[in-house]
Structures are given as C-alpha cells and as structure tokens.
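Structural overview for review
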Amino acid sequence: MSKPNDREAGSRPSSEAGPERPRRTGSSELIIRGGRVLDETGERAADVRVVDGVIAEVGAGLSASAGATVLDAEGCVVTPGLVDLQVHFREPGREDAETLESGSRAAALGGCTAVVCMPNTEPPLDDAAVVQSVIERARTIGLCAVRPAGCITKGRHGEELAPLGELYDLGVRVFTDDGDCVADASVMRHAFEYATALPGAVLAQHAEDPALVAGGHMHEGAWSSRLGIPGRPAEAESSIVARDLALAKRTGGRYHVLHLSCAQSAALVRAAKAQGVRVTAECTPQHLVLTDEACAGFDPAFKMNPPLREQADIDALRAALVDGTIDAIATDHAPHTAETKDVPFEEAPPGMLGVETALAIVLTTLVEPGVLTLAQAIGALSWQPARVVGLDADGHGGPIASGGAANLCVIDPALRWVVDGTRLASRSRNTPWEGWKLTGKVRHTIYNGTPTVRDGEATR
Ligand SMILES: [Zn+2]
C-alpha cells in the first residue's frame with residue numbers, strides 16, 4: 001500500500017550532471033547558490049545541487065548545467081524544510097476558514113515542507129475513508145507533505161476508541177482528540193495500550209481538564225480577575241499532563257504534549273524524561289512570546305486554548321526549549337472566519353493563525369535577542385519535530401547531504417517586513433501579530449525538489 005508521499009527511487013547516487021538518463025517531464029536540476037547551509041551537523045558555506053528531487057551535491061562553487069533552475073541564496077541560511085506538528089486546515093467541513101490548499105500554501109510560505117493536520121474537522125478524522133480522502137487531496141495539491149492525525153476516540157467524544165489500527169495502516173502516526181482533551185483516564189489508558197502495538201505511533205494530548213476549564217475564556221490569574229473574564233487555571237493542563245505521564249510510564253506508550261503552556265507542565269515533562277518515560281512536547285510561538293495581559297483589550301485574536309499565560313510561564317517554556325525538555329515549536333495554526341471570530345471575547349472561538357509567521361516570530365523574538373541560537377531554533381522547527389512523528393524517515397528535517405530528499409528552506413535572516421493579515425495566504429485573518437515588525441523571512445521553500453516558494457512568493 002502506498003505510503004503517503006512515496007518518493008521515486010530514493011537515493012540513487014547521482015553522478016554529476018551525468019550524460020543522460022532520459023529526462024522526465026519538467027526540469028530536474030536545481031541549484032541553491034551562495035548560502036550558508038545549516039542542519040543538525042553544523043553550519044558551512046555551500047551551494048546545494050538537487051537532481052530529480054534528491055540532493056546530489058553540497059559544496060562550494062557548484063556550476064549549473066544548462067537548463068538548471070538557479071535559486072539565489074546570497075546572505076541566506078539554507079536549512080531543512082520546517083515541520084509543523086500542529087495545524088488546523090479545516091478541511092473537510094470548514095473550507096470557508098481554510099482548505100488543505102490554502103493551508104498548504106501558507107505553510108510553504110512559512111518554510112514548511114511537512115505538517116501534521118489535526119483531526120477536529122467536520123466530520124472528524126476518526127474513519128479510514130475520511131483520512132484517505134484527506135491524504136489523497138493533500139497529495140494532489142502537493143505544496144507540502146500533509147500528514148493527517150487521527151482521532152483517539154470516535155467522534156472525539158472521549159468514550160470509544162477510534163479504529164487506531166486502520167488509521168495507522170493508512171500512515172497515521174499521531175493520534176489526538178485535539179480541540180478536546182481525552183478526559184477519561186481509562187480511555188486514555190486503553191489508547192496507550194493499543195498504540196504500543198503500533199510502532200512509531202504517538203498519542204498527542206490537548207491537555208486541559210474540561211471540568212477545570214468549563215466556562216473559562218482566558219488564563220486564570222491577576223488579569224482574568226481584573227478583566228472580569230472567567231479563567232482557565234494552569235492546573236487544568238498540568239494535572240492532565242501528570243496523569244498521562246503516569247499512564248505512559250505504566251503502559252510504555254509514547255506521549256506528546258500539544259501546545260504545552262505552563263511552567264508546571266514543563267517541570268513534569270522534564271522529570272518524566274529523566275526517568276525514561278517516552279514523552280515529547282511542543283510549545284507555540286504565541287505561548288513563548290505573549291502573556292495574558294494581551295487579553296486586556298478584549299480582542300478575540302488573543303483568545304486561545306490553552307490560554308496565554310504569565311511571564312513566569314514564558315520564562316519556563318524558554319528554558320525548557322533550551323534544555324531539550326520541549327522538543328518542538330508548533331503553531332496550532334487555527335483559522336477562523338471573521339464572522340465567527342470577530343465577536344465579543346467570551347463568544348469567540350479559540351485559536352489564531354500561525355504557520356506563515358512562526359519562523360519570523362521565533363527569529364525576531366527569540367534568536368535576535370539571544371534566547372535561542374539559530375541552530376536551536378531551526379532544530380525546534382525542523383529536525384526535532386520531524387523525529388517526533390517519523391517524518392525524518394520520509395526525508396524531512398535533514399541532514400542536507402548527498403542522497404537526501406530535497407526538502408529545504410532558504411531563509412533571509414535580515415529581511416524586515418510587517419505582518420499584514422490581508423496579505424497572508426490563509427483564508428482567514430485572525431492573526432495576533434497584525435502590524436508586528438519582524439526580521440527574517442522565507443525566500444525559497446523546496447518540497448521534493450520543486451520550489452513551492454520562490455523569492456518570497458508561492459509558485460502556485
Ligand atoms: Zn489543542
């Protein structure tokens with residue numbers, strides 16, 4: 001059965017611009033020239049030659065054969081394509097907010113060559129036929145690898161397990177009821193027990209105890225009191241994380257914390273990792289940068305679940321990224337139409353756009369001030385998330401070396417730009433970064449050897 005995204009003939013050693021092997025349709029040679037290559041193995045000045053979707057050569061001063069596509073990377077950093085572990089592309093069901101195509105285009109513009117899309121669609125991705133249709137549709141679009149996550153429970157109701165094995169056979173490796181937490185501990189335990197029989201599968205939790213957050217619309221703290229908005233306490237997250245870590249330890253299952261947002265959760269994951277529990281975690285740019293004070297204007301753009309927390313949480317999340325407790329930065333890209341989102345704060349749905357701005361936010365707010373090195377940032381945006389879900393085995397996350405799949409991102413770290421929601425590729429406009437002045441932007445994205453973004457513009 002076809003695995004999603006089969007690539008042709010993998011690692012054929014390409015003998016320099018070899019004297020001919022019959023050309024397939026379209027041009028098959030591409031050179032990325034003049035950049036600094038940065039991957040997990042280090043950083044060096046080098047050009048990259050790509051032939052038939054595969055990296056053929058990495059080195060200084062490569063010459064281009066006639067007809068080759070040359071991408072200018074002068075002043076740029078050439079990295080493995082970014083991998084976003086959490087996006088909501090809203091298809092099927094809410095194509096007015098986003099589609100697999102508009103979301104894939106936004107992801108490519110954000111430097112991604114692979115994303116994991118969440119299953120809280122309408123209908124939800126709890127069924128093999130629905131998952132298969134998403135896989136096929138995304139493959140047809142071909143702007144990046146889109147890996148659907150499957151539901152843990154049927155209908156995301158938190159009661160009966162979804163057919164995890166059937167979904168797994170289609171290539172699904174991430175199971176989650178995201179949008180909702182699997183609240184019932186025995187259901188979660190059974191899911192862990194089932195998933196341990198599926199190599200590479202991971203249970204990803206939206207960790208918020210529904211009983212503790214019921215009726216809440218922002219982080220519970222000084223600002224929620226001052227604003228008179230009912231709160232969602234951090235303990236709603238950390239209590240679920242603690243419970244799930246205990247279940248992962250007991251069952252030997254793999255656990256991933258989606259959008260980890262508070263200091264207590266980070267401490268729990270750190271301790272569990274030290275004990276050998278099979279856990280990974282991600283956090284979002286917004287939780288690394290914005291506090292609950294952002295809700296003071298009652299602007300629904302800043303409403304999200306889990307909610308924006310306090311400065312002490314931001315500090316803890318940043319430290320957890322640096323020490324490896326948090327593996328990945330993922331966006332939780334959550335488009336909403338203006339009709340649904342531009343309503344009073346307490347009526348608005350949670351979530352914000354992210355996939356097109358994440359890299360620039362990270363470069364501007366974390367790398368430029370020296371919180372993270374560039375290599376740490378790209379690691380958290382590329383090879384570390386790739387490894388969490390096995391996308392490394394499918395040619396994502398590098399390293400950038402001969403024989404590897406050409407899934408690459410070329411970043412101009414000095415380009416200054418201003419976020420304008422009307423110019424984002426998403427069908428929706430709910431960005432909290434509107435008007436932010438950012439430094440650093442994707443110049444080119446190459447997916448399976450083909451530019452999906454060239455000179456900052458989507459190629460289709
Ligand atoms: Zn979530």
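Right, let's walk through the structure included here. (Residues numbered from 1 in each chain as written. Predicted model: local features only at pLDDT ≥ 70, side-chain atom pairs only at ≥ 80, totals over all residues. Heavy atoms only, no water.)

A few words on the nonpolar core. Counting residues in each nonpolar core, the largest one holds 99 residues, and the members touching the most others are F175 and Y255. The contact partners of F175, leaving out residues within four places of it in the chain, are G150, C151, I152, L164, L167, Y168, L198, A201, V202, L203 and A204. Core analysis: the second largest hydrophobic core is formed by 18 residues, L85, V116, A204 and A386 among them. (Core = buried A, V, L, I, M, F, W, Y, C linked by side-chain atoms within 4.5 Å. Buried < 20%, exposed > 50% of the residue type's maximum accessible area, 1.4 Å probe, protein only. Contact = heavy atoms within 4.5 Å.)

Below, the discussion takes up the pairing of strand β5 (residues 54-59). Judged from the five bridges that link them, strand β4 (residues 47-51) and β5 form a sheet pairing that is antiparallel. What sits directly across from R49, in β5, is E57. Hairpin connection, β4 to β5: the antiparallel pair is bridged by two residues, and D52 has positive phi, about 50°. (Pairing = 2+ DSSP bridges. Helix = DSSP H or I, 4+ residues; strand = E, 2+ residues; numbered from the N terminus.)

Inspection of the secondary structure puts T291 in the loop between α9 (285-289) and α10 (311-322). The residues touching T291, leaving out its near neighbours within four places in the chain, are L308, R309, E310, Q311 and I314.

When charged atoms on two side chains of opposite charge get close, those side chains can pair. Under the defined criterion, the tally for this structure stands at 18 salt bridges. For R36, the salt bridge is made with E43, and the minimal N-O distance between the two is 3.0 Å. For the salt bridge of D96 with R94, the shortest nitrogen-to-oxygen distance reads 2.9 Å. A relative accessible area of 29% means that R94 is categorised as partly exposed. (Salt bridge = Lys/Arg side-chain N within 4 Å of Asp/Glu carboxyl O.)

What the three strands build is an open sheet, ordered β8-β9-β10; its pairing is parallel. Each edge of the open sheet is held by one strand with a lone partner, namely β8 (82-87) and β10 (145-148). Within the sheet, the average angular offset between the axes of one strand and its neighbour, ignoring direction, is 15°. Of the strand pairs in this sheet, β8 and strand β9 (residues 112-117) are connected by four bridges, and their pairing is parallel. By the bridge assignment, D84 is partnered in β9 with V115. (Axes fitted to C-alpha atoms, helices over the stretch in contact; angles between N-to-C directions.)

Bringing the coordination of the zinc ion into the picture now. Ideal geometry at a metal centre: 109.5 degrees between donors when four sit tetrahedrally, and 90 or 180 degrees when six sit octahedrally. Looking at the metal site, the zinc ion is ligated by D178 (OD), H206 (ND1) and H259 (NE2), spaced 1.9 to 2.2 Å from it. Mapping the donors of the zinc ion onto the primary sequence yields the spacing D-x27-H-x52-H. A residue pair is termed long-range when its members are at least 10 positions apart, and D178 in the loop between β11 (174-175) and α4 (185-195) and H259 in the loop between β15 (255-257) and α8 (263-274) qualify at 81 residues. The same class applies to D178 and to H259, which are both buried. (Donors = N, O, S within 2.8 Å, 3.2 Å for Na, K, Ca; no water.)

This part is about the environment of A236. Structurally, A236 can be placed in helix α7 (residues 235-251). Once the C-alpha coordinates of A236 and H396 are considered, the two residues, 160 residues apart in sequence, prove to be 34 Å apart. Not counting residues up to four positions away in its chain, the partners in contact with A236 are A207, E208, D209, L212 and V213.

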